[in-house]
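Descriptive analysis of the structure
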Amino acid sequence: MFFGDYHIHTPRCGDAQGSYDEYIEEALRKGLSEIGFSGHCPQYFLPLEERGRESAIPEEELTLYVREVESLQEKYRSSITIRLGLEVDFVPGKEEELQSIVDFYSWDYLLLSVHYLGTWPFDNPQYLSGYRERDINEIYETYYQTLIAGMKTGFFSAVAHFDLPKKFGFRPAGELKGEIEALQVCREQNLVIELNTAGRRKPVREFYPAAPILAQAQKLGLNVCLGSDAHRPEEVGEDFREALALLCRLGFDHIAGWEKGIAVLHPIS
């Protein structure tokens, strides 16, 4: 059975622990076929003096990141396939600045992420009060419209943690137009949806996205890749067997991997 984890952070991200080798060795212990490092991209959307390492690879270290992963690809060539990508925060209005990161390297894949609504880092527990100061449905609708704008740039390979605003357990009421539209735009843009298992480790205690969203994705003919969102070595490949079992129950028969920007489909069983 093919197992690929394409959402693994690196020592160059300030919020990740452990060495590259520790992540790789954990992947080997868990029988993964393929992994992808996807460090947080440089904070291109902030003024230079405000950019930090706390949750991003500094721009001046992007070349080092590429060289380090290329070296690991050679080192572990006979043991496991290693892909090179980035998790990219999309911020509307900053597409020109983002272009230089997209064009920096022939990435195997780029994950589309939205962590900011305006200046509010909504998935940061230090700013949890923002949920109590805003209408929950409006938060979700704004999030999905931002996600859609990112999808339409054509920069990305897959959408990471599709329903991230639920992280702390704040749920919308009723049907969300933005959610339905986002799935349709995924299909139009030929984007893959990531089944991100990190939600199991968060207060919401469920995968991103939720099973009903995955069911809609399956009906639309979308493909899915797996990501642990590992920030520590032991999180690599976490809950992947349960994730694959869910995909099978929902009618998926393939999962996606990556090579030089092209999705490669692998049978689930």
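Here we summarise the structure given alongside this text. Every value quoted in this text rests on a predicted model; they were computed, and no experiment measured them.

Each value, and the rule that gives it
Residues numbered from 1 in each chain as written. Predicted model: local features only at pLDDT ≥ 70, side-chain atom pairs only at ≥ 80, totals over all residues. Heavy atoms only, no water. Buried < 20%, exposed > 50% of the residue type's maximum accessible area, 1.4 Å probe, protein only. Helix = DSSP H or I, 4+ residues; strand = E, 2+ residues; numbered from the N terminus. Right-handed = clockwise from strand over helix to strand, strands pointing away. 1 Å grid on protein atoms, 1.4 Å probe; cavity = no way out; pocket = protein on both sides within 12 Å on 5 of 7 lines; lining within 4 Å. Points joined across faces, edges and corners; volume = space filled by probe spheres on them. Nonpolar A, V, L, I, M, F, W, Y, C, P; charged D, E, K, R; others polar.

All right, on to the pairing of strand β1 (residues 4-8) then. Extensive coverage of β1 is indicated by the burial of 5 of its 5 residues. Handedness of the β-α-β unit built from β1, helix α1 (residues 20-29) and strand β2 (residues 34-40) comes out right-handed.

Right, let's get into the layout of surface pockets. In this structure, the largest pocket spans a volume of roughly 820 Å³. Residues that form the lining of the largest pocket fall into these classes: 11 nonpolar, 9 polar and 11 charged. Computed from the structure, the second largest pocket encloses a volume of approximately 270 Å³. If you trace the second largest pocket, you find 17 residues lining it, with Gln189, Asn190, Leu191, Val192 and Ala263 closest to the centre.

Relative to the assigned elements, Pro209 resides in the loop between β8 (192-196) and α6 (211-219). According to the relative accessible area criterion, Pro209 is buried, its value standing at 0%. Here the alpha-carbon distance between Pro209 and Val159, two residues 50 residues apart in the chain, equals 10 Å.

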